[in-house]
Amino acid sequence: MKVLVVDDEADVQPLFLQRFRREIKNGDIDFTFAQSGEEAYEYLEDHYSEVVMILSDINMPGMSGLDLLRQIRAKHESAPPTIMMVTAYGDEENYQQAMQLGADDFLTKPLDFSVLKDKLKTFAS
């Protein structure tokens, strides 16, 4: 399962690689990382059919996660990919907006990796 993680924080990539060490080694999950909405959108232009899930931060400079979600769903109305929005601000407004734009799930930071692993297994099956 190819997962695109979109977050402007540099420490996200090593954290995911460490927390999903076993799944990566077993070939269950293949992570790709983008540090902006723009970078993620460009990646999807060439690799859309490969990506099964997108985990995107909402608050990023430039194209926000919600803007990215809006553009993906405008171009591809139905899933795949499954899109999970991630934010440090678990407020109702961000949640409602993400769901209205077509997000499949909504997670708050700091991420509970055991919950995330369960969700990935659910979406993968």
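Just above, that's the structure.
Residues numbered from 1 in each chain as written. Predicted model: local features only at pLDDT ≥ 70, side-chain atom pairs only at ≥ 80, totals over all residues. Heavy atoms only, no water.

Colleague: Describe in detail the nonpolar core, supporting the description with residues and values.
Modeller: Leu-4, Val-6, Ile-54 and Met-85 are the most contacted members of the largest nonpolar core, which totals 22 residues. Mapped onto this core, the elements with two or more residues apiece are strand 1 (2–6), helix 3 (37–47), strand 3 (51–57), helix 4 (65–75) and strand 4 (82–87). Sort the elements by how many residues they give to this core and helix 4 lands first, with 4 residues. The contacts of Leu-4, once residues within four sequence positions are left out, are Thr-32, Phe-33, Ala-34, Ala-40, Tyr-43, Leu-44, Val-51, Met-53, Ile-54 and Leu-55. Val-5, Val-12, Met-84 and Phe-113 belong to the second-largest nonpolar core, a separate cluster that totals 16 residues. (Core = buried A, V, L, I, M, F, W, Y, C linked by side-chain atoms within 4.5 Å. Buried < 20%, exposed > 50% of the residue type's maximum accessible area, 1.4 Å probe, protein only. Helix = DSSP H or I, 4+ residues; strand = E, 2+ residues; numbered from the N terminus. Contact = heavy atoms within 4.5 Å.)

Colleague: A description of the pairing of strand 3 should follow, citing residues and the corresponding values.
Modeller: Burial analysis of strand 3 places 6 of its 7 residues in the buried class, the great majority of the element. Of the strand pairs in this sheet, strand 1 and strand 3 are connected by 5 bridges, and their pairing is parallel. Paired with Leu-4 across the strands is Ile-54, a residue of strand 3. Taken together, the 5 bridges between strand 3 and strand 4 define a ladder with parallel strand orientation. Each residue of the ladder has a partner; that of Ser-56, found in strand 4, is Met-85. (Pairing = 2+ DSSP bridges.)

Colleague: Give me the lowdown on a negative patch on the surface, citing residues and values where you can.
Modeller: A contiguous patch of negative charge, built from Glu-38, Glu-39, Glu-42 and Asp-46, is present on the exposed surface. Relative to the elements of secondary structure, Glu-39 occurs in helix 3. Looking at Glu-39, the relative accessible area reads 37%, which means it is partly exposed. (Patch = residues over 30% accessible without salt bridge, like charges linked within 9 Å, V, L, I, M, F, W, Y side chains within 5 Å. Areas by Shrake-Rupley, 256 points an atom, 1.4 Å probe, with all protein chains shown as cover. Salt bridge = Lys/Arg side-chain N within 4 Å of Asp/Glu carboxyl O. Lys, Arg positive; Asp, Glu negative; His and termini not counted. Charge placed at Lys NZ, Arg CZ, Asp CG, Glu CD.)

Colleague: Account for the side chain of Asn-94, with residues named and values stated.
Modeller: Position of Asn-94 relative to the elements: it lies in helix 5 (residues 92–100). Accessibility expressed as a relative area gives 13% for Asn-94, which makes it buried. Setting aside residues no more than four positions away along its own chain, Asn-94 makes contact with Ile-58, Leu-66, Thr-87, Tyr-89 and Phe-106.

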